[in-house]
Amino acid sequence: KLAVADIFSKDMDTQTAIATYQSIAQTVPEFKKDALLRVADIYKNDQEYQKAINTYEEVLSAPSLSKSDGAALYFETGDAYELLNNPSKAVEAYLKISYLYPDEKEWVIKSYLRLGRIFEDGSQWEQAATIYNKVIVFNTDEAKYAKERLDWIAANTKATP
């Protein structure tokens, strides 16, 4: 049913696609999470960010959620909050990744980089520096970028990284 809905959704208007996925979510419990994720993605693509957030949160409450799925959902939620121009809620969503899913290194690093940018955009230099230092600890390719941002903060602000 889900594959058929995917095919039809390409030719349907968004409301019909959403109704189809929601019907699947209600009638086929094992596909509920996947169907609702598609609904959230449609809302996000249609710039209906609050509806996307509400749907992501509904998926987050699903009992069969894997750790990687949970981290990805919080990231998508944070992204939607950013698109809504609500940085404090975005920060909250991104921080949940490192606290709830510390073993999901890729998602933790991605969320830290988003947090660093949000803090920089808000001229919260000390917080940005703290976050970038956390990225450096992971010793990944992203650590080079974090170091560059720390150097910039040190050279252009009164914050000490």
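Residues numbered from 1 in each chain as written. Predicted model: local features only at pLDDT ≥ 70, side-chain atom pairs only at ≥ 80, totals over all residues. Heavy atoms only, no water.

1. With respect to the overall build of the chain
Alright, step 1. Looking only at helices and strands, one finds nine helices and zero strands in the chain.
Alright, step 2. Across the chain, helices and strands are ordered from the amino to the carboxyl terminus as α-α-α-α-α-α-α-α-α.
Alright, step 3. Out of the 161 residues in the chain, the part that is buried amounts to 42%.
Alright, step 4. Taking the intrachain contacts of the chain between residues at least 6 apart in sequence as the baseline, contacts between residues at least 24 apart amount to 43%.
Alright, step 5. For the chain, the accessible area works out to roughly 9,100 Å², and carbon and sulfur atoms hold 50% of it. (Helix = DSSP H or I, 4+ residues; strand = E, 2+ residues; numbered from the N terminus. Buried < 20%, exposed > 50% of the residue type's maximum accessible area, 1.4 Å probe, protein only. Contact = heavy atoms within 4.5 Å. Areas by Shrake-Rupley, 256 points an atom, 1.4 Å probe, with all protein chains shown as cover.)

2. Examining helix α2 (residues 14-27)
Alright, step 1. In this model, α2 (14 residues) spans 20 Å end to end at C-alpha, consistent with the 20 Å of a helix rising 1.5 Å per residue.
Alright, step 2. Of all the positions in α2, only A17, I18, Y21, I24 and A25 are classed as buried. Projected down its long axis, α2 carries its buried residues within an arc of 125°, all on one side. (Expected span 1.5 Å × (residues − 1). Arc of directions from axis to C-beta.)

3. Some words on the pattern of salt bridges
Alright, step 1. For the structure shown, the criterion picks out ten salt bridges.
Alright, step 2. Residues K44 and E76 are paired through a salt bridge, measuring 2.5 Å at the closest nitrogen-oxygen approach. Highlighted residues: K44 in helix α3 (residues 32-45) and E76 in helix α5 (residues 67-83), separated in sequence by 32 residues.
Alright, step 3. A salt bridge links E92 to K89; its shortest N-O distance comes to 4.0 Å. Of this pair, E92 and K89 are both found in helix α6 (residues 87-100), three residues apart, which corresponds to roughly one turn of the helix.
Alright, step 4. Overall, K89 belongs to the partly exposed group, its relative accessible area being 33%.
Alright, step 5. A network of salt bridges, in which partner residues are shared, links K44, E76, D79, E82, R114 and R117. (Salt bridge = Lys/Arg side-chain N within 4 Å of Asp/Glu carboxyl O.)

By themselves, these are just geometric observations and shouldn't be taken as functional.
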